[in-house]
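Listed below, chain by chain, are the residues.
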Amino acid sequence: MQTAIATPHRGFLLTSAAWKEVPESLCQEIPKIGEQLNQAIKFQDFSDAVSSVLFIAVMVPASHDDHRNDYRYNPKKKQIKIVQKLDYDFVMTASVAQFRAYFIEVLMTKLKQLHKQKAISDFDIAGLVDAIWALSERVFH
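Every value quoted in this text rests on a predicted model; they were computed, and no experiment measured them.

Draft legend 1. Here's a closer look at the pairing of strand β5 (residues 79-85). Most of β5 is tucked away: six of the seven residues are buried. The sheet contact formed by strand β3 (residues 52-59) and β5 spans seven bridges and is parallel. Paired with Val58 across the strands is Lys85, a residue of β5. One ladder, built from five bridges, connects strand β4 (residues 70-74) with β5; its direction is antiparallel. By the bridge assignment for β5, Asp70 is matched with Val83. Counted along the chain from β4 to the antiparallel partner β5, the turn is four residues long, and its residue Lys78 has a positive phi close to 55°.

In structure tokens:
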């Protein structure tokens, strides 16, 4: 199992748990994406209710069902935590550019789901998603 992590105390904390066959270059892209997001987006612009998003990208074959998708908000930590199993077949055939675009799309989808649940009433998740989208148009596509 490969892992890669970017660990700032605030901002986007992006990591992966990957089967050994997943190209290391893709695992290394996840912290790079986190760095780019952190350079461009500041959570305080959307309120102080959230100080970080922890995203754990799980890249294992579909037959490994011991990883469950989950997304939630921890008000004590002021953290959104997302654990998401990525499409392994896609990951195994994706170029770095395709993977980056896919990863950002999954991140935005999960944040939109939290927004629909109104899980964080005093945080502008829609604004955060818009900021990620605007950055993705310039950087990740």
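Still more ground to cover, so stick around.
Draft legend 2. Broad picture of the environment of Val22. Tracing the chain through its elements places Val22 in the loop between β2 (11-18) and α1 (24-40). Judged by its relative accessible area of 1%, Val22 falls in the buried class. Put simply, Val22 and Val129 are 107 residues apart on the chain and 28 Å apart in space, counted from C-alpha to C-alpha.

Draft legend 3. Fine view of the pattern of salt bridges. Taken as a whole, this structure holds three salt bridges when the rule is applied. With a closest N to O distance of 2.5 Å, Glu29 and Arg100 form a salt bridge. In this pair, Glu29 sits in helix α1 while Arg100 sits in helix α3 (residues 96-117), placing the two residues 71 residues apart along the sequence. Salt bridges sharing partners connect three or more residues here, namely Glu29, Lys32 and Arg100.

Draft legend 4. Quick peek at unusual backbone geometry. We note that Ser47 has phi near 125°; this positive angle belongs to a residue other than glycine. By the secondary structure assignment, Ser47 is in the loop between α1 and β3. Despite not being glycine, Lys78 shows a phi value in the positive range, around 55°. Of note, Lys78 is situated in the loop between β4 and β5.

Draft legend 5. Quick peek at the packing of aromatic side chains. Taken as a whole, this structure holds six aromatic pairs when the rule is applied. Put simply, the rings of Phe12, Phe43, Phe46 and Phe123 touch in pairs and so form one group of aromatic residues.

Draft legend 6. Representation of the packing of α1 against α3 in the model. Where α1 contacts α3, the two axes come as close as 10 Å, and the packing angle between them is 55°. Taken together, the axes of α1 and α3 lie oblique to each other. Remark: the crossing between α1 and α3 carries right-handed chirality. For the pair α1 and α3, contact is made by Ser25, Leu26, Glu29, Ile30, Lys32, Ile33, Gln36 and Leu37 and by Val96, Phe99, Arg100, Phe103, Ile104 and Leu107, respectively.

Thresholds, definitions, all that
- Residue positions within a chain follow its written sequence, with the count starting from 1.
- Two thresholds apply to this predicted model, a pLDDT of at least 70 for residue-level local features and 80 or more for giving and counting side-chain atom pairs, whereas whole-chain, interface and lining totals are computed over all residues.
- Working from all heavy atoms in the structure, the side-chain values ignore hydrogens and water.
- Only protein chains enter the accessibility calculation, which uses a 1.4 Å probe; a residue is then buried when its area is under 20% of its type maximum, exposed when over 50%, and partly exposed in between.
- The secondary structure listing takes helices from DSSP runs of H or I that are at least 4 residues long and strands from runs of E that are at least 2 residues long, numbered from the N terminus.
- Two strands qualify as a pair provided that DSSP identifies no fewer than 2 bridges between them.
- Whenever Lys or Arg places a side-chain nitrogen within 4 Å of a carboxyl oxygen from Asp or Glu, that contact is recorded as a salt bridge.
- Each aromatic pair joins two rings of Phe, Tyr and Trp (for Trp, the six-membered one) with centres within 6.5 Å, and gets the label stacked for planes under 30 degrees apart, edge-to-face for over 60, and tilted for any other angle.
- All axes here are fitted lines through C-alpha atoms, helices being fitted over the stretch that makes contact, and every angle between N-to-C directions spans 0 to 180 degrees.
- Roughly parallel means an angle under 35 degrees; roughly antiparallel, over 145; roughly perpendicular, 65 to 115; everything else is oblique.
- For a crossing to be left-handed, the near helix must be turned anticlockwise from the far one by less than a right angle; the clockwise case is right-handed.
- The contact criterion used throughout is that any non-hydrogen atoms of two residues lie within 4.5 Å.

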